[in-house]
Amino acid sequence: MGLYKKDNARIGVTDMSAMEAWIIIKPSMQQDPFIDPPPNEDFTAPIPCPEEDLLPYWDTKRDYYPPFEPSNKQSISTRAHMVACINAFFATQFRRFGFSVLLCGSWARFLYWDRSGAVVSRRFQYTANFTPLAEFLWRLNHGSPGDRGVDVSVVPVSLLESQDSTVRELLGIGSSDPLYGYIVPVDTALQKPKDAEGRPSSTTHHFYVGPRPAQKQCSLLEQRTRGFHVWDLTQKRVVFFKETWRLDSPGINTESAVYRKLHSHRIPNIPTFEHGGDMSALGTKTITHSFSKAWWCCTPNHKAHLPLVQHRIILRDVERNLSTFKTPKEFLTIIKDALTAHREAYEYLGLLHRNISMENIGVTSEGRGLLMGWECCSLKSHDELLEIQMGNIPFMSGALLDQSTQVKRHVLADDLESFLHVMMYTIARYLPNTMDIEKKNALLQIFDEEYVIDKGGRAIGGSRKRECLADPQSHLFKKFTVLPEIATLLRNLCDLFPIRYNFWTQMIELHTQDTRFKTPSDLLACHGEMMALVRLWATASEAEEYPDKDIRDFYTITWNRYGF
């Protein structure tokens, strides 16, 4: 049941994009997804081990009581329902946090949600004592938008009639679609802010106009990044707006700082950074992590929760994304350029990108590639950060998703594998081919595999990736029927990776004593081999050794200027 403002303009009976909060109603108490421990219990207090003489260690009461989240089917179903609602709620709104109510029979719970987790209240019998529920609804009704979790840095706007049609055409927005204003902080660390005439300014934020971003069909954990084109009201031009909920830790650089470093060292094929920074001044920071060690928190603290803070930046030169490549030649050029940027940042600055995906490879107006999305990058020497799992799960390496992997440290081979996954997905999805639907779906399922979150907070899955790369000739290329030259490139690239997943390949390398040649592991310890293969076929395409057909001739779909 949705709770809406009195003057809302919702679409249909249920509209998550207009809800202020919602109530989930279950008829039976057995559908309650949580089990409350005894009241007034201090869960941080240690308890002695029953076999103290034999095993002299101490445990906490969090591990003493039954799990707060039971594993029966009804409880799992209710939690899944709640998670589906919160995913849609955050995906369709500009939100810092949100509230919901759960009713199971005659019992109720309150829930607070943000991007780092949820806080669940103890259940109470609202049919016997309606006061807590009534007070909650009264406070929700009388609270300000900011108190209800609305992101007040995004507001509906309207432009002058003389500007409106031009801006909408440049941004590829329909005449009836709403426009929003976005606040982006000035990057005072890079340069002193100036006004339109070049004079010193005291401005701390800039204002941009753009559309509502497209809804992502993914979990809240994967909704931490949004990117789209907006209109710069001051400079009168289109720029690229990016919003990220980044980990807020002293050892993690902001994406703004990373771009400054990349540009100061003249790393090629990087978008031009204008300005940006954290939005913490407006309260856009998660707080769920602060309750994980509270005395009343009864869930085992398996993972060290880190706060998230909203970070916004403005970039130039990003004309469109990778999926809008026009020809095979342009596609290979884009990949080559992105790989070059990755290699330069790794070799000269010691940076590992750690988030290679389709969204993070942009295209300029000249059809050249740009490597974006540096919010997850870490120094290759920073072991503690490299052990934190980061990245886009569909394109994450099979090794990082493998539960049996002993060492969870992110290495260069993981990024190179992500480049390969991006290439395979893009080719299968967007390049004209003669694959039937069954083969194409089987191939795309490699990137759409279900995963679970383990007790340490890591995503576990990727079995299809490991299976395909362990023996690509048997599992992968029987499905690919694309241009022979593209298929040959992919086959050569895939042959670099069996050393990561094929037992016999690993044994052969282990017992090979000839040091005159590089081992398969050596080839994944640097960019050289992968760069050489991509550059070879990109150069061949520039020489027009295979057809340079515009792929849009194969489809009857609508394209706007930016391909989003």
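Throughout what follows, the structure given in this document is the object of discussion. Quantities reported herein were computed from a predicted structural model and do not represent experimental measurements.

At a minimum axis distance of 11 Å, the contact between helix 7 (residues 412–430) and helix 11 (residues 484–494) shows a crossing angle of 155°. For the element pair helix 7 / helix 11, the angle class is roughly antiparallel. Between helix 7 and helix 11 lies a crossing of left-handed hand. Mapping the contact onto sequence places Leu420, Met423, Met424 and Ile427 in helix 7 and Ile486, Leu489, Leu490, Leu493 and Cys494 in helix 11. The class makeup of the residues in the contact of helix 7 with helix 11 is nine nonpolar, no polar and no charged.

Across the sheet, which stays open at both edges, the seven strands sit in the order 9-10-11-12-13-15-14 with antiparallel pairing between neighbours. Of all the strands in the sheet, just strand 9 (154–157) and strand 14 (272–278) have a single pairing partner and so form its edges. Neighbour to neighbour, the strand axes of the sheet diverge by 35° on average, direction disregarded. Pairing of strand 12 (residues 225–232) with strand 13 (residues 237–247), which is carried by eight bridges, proceeds in the antiparallel orientation. Residue Val230 lies in a different strand from strand 13, and its bridge partner there is Val239.

Here strand 6 (residues 107–114) pairs with strand 7 (residues 117–120) via four bridges, running antiparallel. When the sheet's bridge partners are listed, Trp113 is paired in strand 7 with Ala118. Counting the residues that bridge the hairpin from strand 6 to strand 7 gives two residues.

Two numbers describe how helix 7 lies on helix 8 (residues 437–444): the axes approach to 10 Å, and their chain directions differ by 155°. Here helix 8 runs roughly antiparallel to helix 7, going by the angle between their axes. Crossing of helix 7 over helix 8 shows left-handed handedness. When helix 7 is examined against helix 8, the residues Tyr425, Ala428 and Arg429 are found in contact with a partner set consisting of Lys440, Leu443 and Leu444. Each residue belonging to the contact of helix 7 with helix 8 can be placed in one class, and the counts come to four nonpolar, no polar and two charged.

On to the pattern of salt bridges, then. Under the definition given, this model contains 24 salt bridges. Note that Glu255 is salt-bridged to Lys242, the shortest N-O span being 3.0 Å. Of the two residues, Glu255 is situated in helix 4 (residues 255–264) and Lys242 in strand 13; the sequence distance between them amounts to 13 residues. Residue Glu255 is classed as buried on the basis of its relative accessible area, which comes to 2%. Among the residues examined, Lys242 registers a relative accessible area of 4% and is labelled buried.

On to the sheet that holds strand 16 (residues 320–321). Reading across the sheet, the three strands line up as 16-18-19 and stay open at both edges, with antiparallel pairing between neighbours. If you trace the sheet from one side to the other, it starts and ends with strand 16 and strand 19 (369–371), each paired once.

Among the nonpolar cores identified, the biggest contains 73 residues, and Tyr259, Leu262, Ile361, Trp374, Leu420 and Leu493 are the most heavily contacted of them. If you tally residues by element for this core, the top one is helix 7, at 11 residues. Those residues in contact with Leu493, other than ones at most four positions away along the chain, are Leu420, Met423, Met530, Leu533 and Val534.

What counts and how
Residues numbered from 1 in each chain as written. Predicted model: local features only at pLDDT ≥ 70, side-chain atom pairs only at ≥ 80, totals over all residues. Heavy atoms only, no water. Axes fitted to C-alpha atoms, helices over the stretch in contact; angles between N-to-C directions. Helix = DSSP H or I, 4+ residues; strand = E, 2+ residues; numbered from the N terminus. Parallel < 35°, antiparallel > 145°, perpendicular 65-115°, else oblique. Left-handed = near helix turned anticlockwise from the far one by under 90°. Contact = heavy atoms within 4.5 Å. Nonpolar A, V, L, I, M, F, W, Y, C, P; charged D, E, K, R; others polar. Pairing = 2+ DSSP bridges. Salt bridge = Lys/Arg side-chain N within 4 Å of Asp/Glu carboxyl O. Buried < 20%, exposed > 50% of the residue type's maximum accessible area, 1.4 Å probe, protein only. Core = buried A, V, L, I, M, F, W, Y, C linked by side-chain atoms within 4.5 Å.

The quantities given are spatial measurements derived from coordinates; they are silent on function.
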